Amino acid sequence: MARHSLVIEKAVFPRDKLCGGGVCIWASDVLASLGVDLDVPFLYVSDLEFRYGKEIDRLHQPNYFRFVKRLDFDHALAKAAANRGLKLHEDEMLTDILRTRNKLIISTNKGKYAVQVLVGADGAFSTVRKKMIPFQKRHLAPTFQMIAPADSKYNLEFTERKTVVDLTPIKKGLQGYVWHVPCLKDKTPSIAHGIVDFRVCPDRPKTDMKKIFGQELESRNIHQGPKIWSTHPIPWYSEDGILSKPNGILVGDAAGIEPAFGGGIHLSLSYGEVAAQAIISAFQTDDFSFLDYTQKIQSHQVGRHISKCTRLARAMYSGSLNPLVAAREVFAPEYDSTAMMRDLLSRYLQRHPQSSSGPE
């Protein structure tokens, strides 16, 4: 499928993205099912520590996460796809979409393309989404993040190989959390500090994110203000959202992720599986309406997980559920790595009955 695909990328690889960079077991299994082994620097983390006031809950699983730099991870993923025949056009920006009788004419700053399927995988501010569904309101959660050297006096995350998710600010009206993630910046032990506010319950009063985050940083002896913080919204999926139009579908951040903890890499990879199946089916049946695409997303593991997280988000951010209970339900799995691999292999063999060993 890759050799029949063209990716238009407005930036030039390697390019960075504001993200904690956590590649969980789920994401690793999807990559393994595709036969993709990304050789990028990473840091293993085995513990997730959730805090809510004086309450602390820690989940332990060996090598639960691999933390990567998105600059390295995305570049390696793009190269892996290009090695399989994908055409990658960098430094090229979508400008317009024109519908013909049975195709789309895609205009960019460098040319035009006639396509039968357009996949919007262009992030939170998706141009494809705006052109396909111009009047649909998005749910965008603001975020701030900064990376600072790991100070062993104030930051134990690096030495203990743990990620801290502090849900305490929910008591101040934040519909989100503060995170502290160990990472390597220029080979130096560092911590990525961040905050997000999902605003899942719009009727509740807003809080001052900058004040909360600034106080959190100062408690860790970091006195660097908003001018050096990175910021980018996290788009979350709504049950009434539109994910397709004739000849066009949305995936990843363009479609939306879950609004409880905002995990994105594993969900985006899983969106890709549903999209690939839908595209193959469209060419086989000569039906590019994608009328059942949203239903396929919702019935897939990615959709079921987002639905569950949305329910939990509304409960914990409205104050009707202890956030630690919600965190355990999301991260203490239900996720069965072996079962997922069996499911992926089963679907692969259904599409390739001549194969008995799965993807190479």
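In case you missed it, the structure is sitting above this.
Residues numbered from 1 in each chain as written. Predicted model: local features only at pLDDT ≥ 70, side-chain atom pairs only at ≥ 80, totals over all residues. Heavy atoms only, no water.

Some points on the overall build of the protein chain
Counting its regular elements, the protein chain contains 11 helices and 18 strands. In summary, the protein chain has a C-alpha radius of gyration of 21 Å against a globular reference of 21 Å for 360 residues, a match within 12%. Across its three principal directions, the C-alpha atoms of the protein chain cover 60 × 45 × 40 Å. The buried share of the protein chain, taken over its 360 residues, is 49%. Pairs at least 24 residues apart make up 69% of the contacts formed inside the protein chain by residues separated by at least 6 positions. Total accessible area on the protein chain is roughly 18100 Å²; 53% of this is exposed by carbon and sulfur atoms. Averaging the positions of the 47 positive and the 39 negative side-chain charges in the protein chain gives two centres separated by 4 Å. (Helix = DSSP H or I, 4+ residues; strand = E, 2+ residues; numbered from the N terminus. Rg over C-alpha atoms; globule rule 2.2 N^0.38 Å. Buried < 20%, exposed > 50% of the residue type's maximum accessible area, 1.4 Å probe, protein only. Contact = heavy atoms within 4.5 Å. Areas by Shrake-Rupley, 256 points an atom, 1.4 Å probe, with all protein chains shown as cover. Lys, Arg positive; Asp, Glu negative; His and termini not counted. Charge placed at Lys NZ, Arg CZ, Asp CG, Glu CD.)

Quick look at the sheet that holds strand β9 (residues 118-120)
Read across the open sheet, the 3 strands follow the order β9-β18-β17; overall the sheet is mixed. Of all strands in the sheet, those bounded by a partner on one side alone are β9 and β17 (244-245). As paired elements, β9 and strand β18 (residues 248-250) share 3 bridges and run parallel to each other. If you follow V119 over to β18, its bridge partner there is I249. (Pairing = 2+ DSSP bridges.)

Let's talk about helix α7 (residues 265-285)
With 21 residues, α7 extends 31 Å from end C-alpha to end C-alpha; this agrees with the ideal 30 Å at 1.5 Å per step. Taken together, the buried positions of α7 are I265, H266, L267, L269, S270, Y271, E273, V274, A275, A278, I279 and A282. Phi turns positive, to about 55 degrees, at D286, one or two residues after α7. (Expected span 1.5 Å × (residues − 1).)

Looking at the pattern of salt bridges
The final tally for this structure, using the stated rule, is 17 salt bridges. With a closest N to O distance of 3.3 Å, R314 and E239 form a salt bridge. Separated by 75 residues along the polypeptide, R314 in helix α9 (residues 301-318) and E239 in the loop between β16 (234-236) and β17 bring together distant segments of the chain. Given a relative accessible area of 37%, R314 falls into the partly exposed group. (Salt bridge = Lys/Arg side-chain N within 4 Å of Asp/Glu carboxyl O.)

Section: the packing of aromatic side chains
All told, the structure shown has 12 aromatic pairs when counted by the stated rule. Ring centres of Y177 and F261 lie 5.8 Å apart, and the angle between their planes is 40 degrees; on these two criteria the pair is classed as tilted. With a gap of 84 residues between them, Y177 in strand β13 (residues 176-185) and F261 in the loop between α6 (252-255) and α7 connect regions that are remote in the sequence. Residue class for F261 comes out buried when judged on its relative accessible area of 6%. (Phe/Tyr/Trp six-rings, centres within 6.5 Å; stacked < 30°, edge-to-face > 60°.)

Quick word on the environment of K153
Take K153: it is sitting in the loop between β11 (143-149) and α4 (157-160). Residue K153 is classed as exposed on the basis of its relative accessible area, which comes to 67%. Separated by 138 residues in sequence, K153 and L291 have C-alpha atoms that sit 56 Å apart.

Some remarks on the sheet that holds strand β6 (residues 94-99)
With respect to topology, 3 strands assemble into an open sheet ordered β6-β7-β8, the strand pairing being antiparallel. Only two strands of the sheet have a single partner each, and these edge strands are β6 and β8 (112-115). Taking the axes of each pair of neighbouring strands and ignoring which way they run, one obtains an average angle of 20 degrees across the sheet. Here β6 pairs with strand β7 (residues 104-108) via 5 bridges, running antiparallel. (Axes fitted to C-alpha atoms, helices over the stretch in contact; angles between N-to-C directions.)

A closer look at the packing of α9 against helix α10 (residues 323-331)
Across the interface, α9 lies against α10 with an axial gap of 9 Å and an inter-helix angle of 170 degrees. Relative to α10, α9 is oriented roughly antiparallel. Residues H305, K308, C309, R311, L312 and M316 of α9 form the contact with α10, whose participating residues are P323, A326, E329 and V330. Looking at the contact of α9 with α10 residue by residue, the class counts come to 6 nonpolar, 1 polar and 3 charged. (Parallel < 35°, antiparallel > 145°, perpendicular 65-115°, else oblique. Nonpolar A, V, L, I, M, F, W, Y, C, P; charged D, E, K, R; others polar.)

With respect to the nonpolar core
With 80 residues, the main nonpolar core has F50, F261 and Y293 as its most contacted residues. At 9 residues, α7 tops the list of elements feeding residues into this core. Apart from residues no more than four positions distant in its own chain, F50 is found in contact with E55, I56, D57, L59, V165, L167, F261, L324, A327 and F331. Formed by 12 residues, the second largest nonpolar core is a distinct cluster that contains F144, A148, M209 and F213. (Core = buried A, V, L, I, M, F, W, Y, C linked by side-chain atoms within 4.5 Å.)

Describing the side chain of D253
Assignment of secondary structure puts D253 in helix α6. Residue D253 is classed as buried on the basis of its relative accessible area, which comes to 13%. Of the polar contacts made by the side chain of D253, one reaches the side chain of K17; its length is 3.0 Å. If we skip the residues at most four places from it in the chain, D253 touches K17, G123, A124, R138, P235 and S268. (Polar contact = N/O pair within 3.5 Å; in protein donor to acceptor, adjacent residues only side chain to side chain.)

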